[in-house]
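Structural features, examined
What follows is the residue order along each chain.
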Amino acid sequence: MSSDFESYEQDFAVLTAEVTGRIGKVPKLVGDEKKQMVANIEKQLEEARELLEQMELEVREIPPQSRGMYSSRMRSYKQEMGKLEADFKRSRIAYSDEVRNELLGDDGNSSENQLIKLREERAHLLDNTERLERSSRRLEAGYQIAVETEQIGQEMLENLSHDREKIQRARERLRETDANLGKSSRILTGMLRR
């Protein structure tokens, strides 16, 4: 079951990386090429949402004692998805401004061009900031997974230690029983000789 989750997880990572790259290209494209890119991103975002739903279904099937680690990963992925959708929305706003200017036949006077340039620079800075935030969240999620894995390992070691003690006690009881059986056998043999 966790292998299905991990497969969905890998697909989600690849898909979000592609979407991130494409979102950054939207403001630089023009015309039909830009429209096609926007349509492709919308399709990929829908695929990413479906992958999140599949991962969520897989998490529900995981036993409760192991579910915490996967739940924290899901929260991180949902946050990442929200950021991607916000990035896409911002790039579409920049895209719609350009389309409006094309339709209105804006002659591109210098103040409009400067405003557009400032918007593009701002969008680029926001993209970089959000990429850094996503990377930080991934690092935090990775750290959380490492901590949870360490806790699970400690619990397993404790369980193994308890099991070892039980086996040693059982072995000791078996030796005592064997010794008692040997004594009983000698006593019976002595009684039979009389």
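This one's a predicted model, so the numbers in the text were calculated from it and none came from an experiment.

Conventions and cut-offs
- Residues numbered from 1 in each chain as written.
- Predicted model: local features only at pLDDT ≥ 70, side-chain atom pairs only at ≥ 80, totals over all residues.
- Heavy atoms only, no water.
- Helix = DSSP H or I, 4+ residues; strand = E, 2+ residues; numbered from the N terminus.
- Buried < 20%, exposed > 50% of the residue type's maximum accessible area, 1.4 Å probe, protein only.
- Areas by Shrake-Rupley, 256 points an atom, 1.4 Å probe, with all protein chains shown as cover.
- Core = buried A, V, L, I, M, F, W, Y, C linked by side-chain atoms within 4.5 Å.
- Contact = heavy atoms within 4.5 Å.
- Expected span 1.5 Å × (residues − 1).
- Salt bridge = Lys/Arg side-chain N within 4 Å of Asp/Glu carboxyl O.
- Patch = residues over 30% accessible without salt bridge, like charges linked within 9 Å, V, L, I, M, F, W, Y side chains within 5 Å.
- Lys, Arg positive; Asp, Glu negative; His and termini not counted.
- Charge placed at Lys NZ, Arg CZ, Asp CG, Glu CD.
- pLDDT = per-residue confidence, 0-100.

Across its full length, the chain carries four helices and zero strands. In sequence order, the chain lays out its α and β elements as α-α-α-α. Looking at the 194 residues of the chain, the share that counts as buried comes to 24%. With the model as given, the accessible surface of the chain reaches about 13,900 Å², and the carbon-plus-sulfur share is 53%.

Let's shift gears to the nonpolar core. Counting 24 residues, the largest nonpolar core has Phe12, Ile41, Leu45, Leu52 and Met55 as its most contacted members. Elements supplying a minimum of two residues to this core: α1 (2-25), α2 (31-61) and α3 (64-104). Looking at this core, the element that brings in the most residues is α2, giving nine residues. If sequence neighbours within four positions are ignored, Ile41 has contacts with Val19, Arg22, Ile23, Val26 and Phe88.

Attention now moves to α2. End to end, α2 covers 46 Å across 31 residues, agreeing with the expected 45 Å (1.5 Å per residue, within 8%). For α2, the complete set of buried residues consists of Lys34, Met37, Val38, Ile41, Gln44, Leu45, Ala48, Leu51, Leu52, Met55, Glu58 and Val59.

Oppositely charged side chains can form a pair if their charged atoms are brought close together. Counting across every chain of the model gives ten salt bridges. Linking Glu9 and Arg73 is a salt bridge whose minimum nitrogen-to-oxygen distance equals 2.6 Å. On the criterion of sequence distance, the pair formed by Glu9 in helix α1 and Arg73 in helix α3 is long-range, its members being 64 residues apart. One salt bridge in this structure joins Glu85 and Arg49, with 2.7 Å as the shortest N-O distance. With Glu85 in helix α3 and Arg49 in helix α2, the pair connects residues that are 36 residues apart, well separated along the chain. In the salt-bridge network here, residues are joined through shared partners; they are Asp87, Arg90, Glu130 and Arg134.

A few words now on the side chain of Glu130. Here Glu130 lies in helix α4 (residues 110-193). Glu130 gets classed as buried once you look at its relative accessible area, which sits at 9%. Once residues lying within four places of it in the same chain are set aside, the contact partners of Glu130 are Lys83, Asp87 and Arg90.

On the surface, Glu18, Glu47, Glu50 and Glu53 cluster together into a negatively charged patch. Of all the elements, α2 adds the most residues to the negative patch, at three residues. Given the relative accessible area of 42%, Glu50 is considered partly exposed.

This part takes up the confidence of the model for the chain. On average, the chain scores 82 in pLDDT, and the residues at 70 or more come to 89%. Mean pLDDT per element in the chain: α3 is the minimum at 76, and α2 is the maximum at 87.

With that settled, the discussion passes to a nonpolar patch on the surface. Judged by side-chain polarity, Ile187, Leu188 and Met191 come together as a nonpolar surface patch covering roughly 330 Å² of accessible area. Relative to the assigned elements, Leu188 resides in helix α4. A relative accessible area of 52% means that Leu188 is categorised as exposed.

Here we come to the environment of Ser72. Mapped onto the elements, Ser72 comes out in helix α3. Considering only alpha carbons, one finds Ser72 and Gly142, 70 residues apart in sequence, at a separation of 10.0 Å. Other than its neighbours up to four places away in sequence, Ser72 contacts Gln144 and Glu148.

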